[in-house]
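What the coordinates show
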Amino acid sequence: MTNSPTSNSDDSPPARLTVRPTTPADRPVLERLWLLFRHDMSELSGALPDPSGQFRRERLDAAFTEPTWRGVVAHLEPAGGAVSPVGFALVRGLDEPTRVLSSFFVVRGVRRIGVGRELAAQVLQSFPGSWEVPFQDANAPAVRFWRTVATDAAGEAWTEEHRPVPGRPDLLPDTWISFTTR
């Protein structure tokens, strides 16, 4: 994975985005980012933290323990500033014909400046082949974002369908976008 400049909304010099696979040393940072991600998603799912203040984290744990999963972390380094973790992606199905972007998160402070698109692009390029990306229609920014990412990655050669959320008949179906990268 690579470093790339990211434009800012003001006249300050661009920041450098670094995207790389996670290591065991990244686990504490990903655990904190996971709480932010699950908090954001709770608005759509109605999920509540457990008595200890934690949300379910099976997918996060799998990224550090299962060989068919991979975690990716993104850091932003503003010119002359300190490096900050700004996002992550969790990929499953590395041993399957189709990979699934199981979880994807970018902190609010860097949304809409290209960080998410760059993170998604680098993840997709790192594992070429067939992809599926689930998201919720109620999350309007995600709908626009993932359609744009799919178009960036595969042109018009992508499909979209609704699938029930396993074990959650109380939730609206998820939307799944499918495409292939090279």
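Located above this text is the structure these notes cover.
Residues numbered from 1 in each chain as written. Predicted model: local features only at pLDDT ≥ 70, side-chain atom pairs only at ≥ 80, totals over all residues. Heavy atoms only, no water.

Side note on the packing of aromatic side chains
Throughout the structure, instances matching the rule amount to eight aromatic pairs. Ring centres 6.0 Å apart and planes at 35° place the aromatic pair tryptophan 34 and phenylalanine 88 in the tilted group. Taken together, the positions of tryptophan 34 in helix H1 (residues 27–45) and phenylalanine 88 in strand E4 (residues 84–92) put the pair 54 residues apart, joining distant regions of the chain. On the basis of relative accessibility, which here comes to 2%, the residue tryptophan 34 falls in the buried class. Taken together through their ring pairs, the aromatic side chains of Trp34, Phe37, Phe88 and Phe105 make up a single cluster. (Phe/Tyr/Trp six-rings, centres within 6.5 Å; stacked < 30°, edge-to-face > 60°. Helix = DSSP H or I, 4+ residues; strand = E, 2+ residues; numbered from the N terminus. Buried < 20%, exposed > 50% of the residue type's maximum accessible area, 1.4 Å probe, protein only.)

Notes on the pattern of salt bridges
Where charged atoms from two side chains of opposite charge come close, those side chains can pair. Scanning the model with the defined rule gives eleven salt bridges in all. In this structure, the salt-bridge partner of glutamate 31 is arginine 57, at a minimum N-O distance of 2.8 Å. Highlighted residues: glutamate 31 in helix H1 and arginine 57 in the loop between H1 and helix H2 (58–65), separated in sequence by 26 residues. We note a salt bridge from arginine 168 to aspartate 170, for which the minimum N-O separation is 2.7 Å. Exposure remark for arginine 168: the relative accessible area of 29% places this residue in the partly exposed category. A residue is classified by how much of its surface remains accessible, and aspartate 170, at 56% relative accessible area, is exposed. (Salt bridge = Lys/Arg side-chain N within 4 Å of Asp/Glu carboxyl O.)

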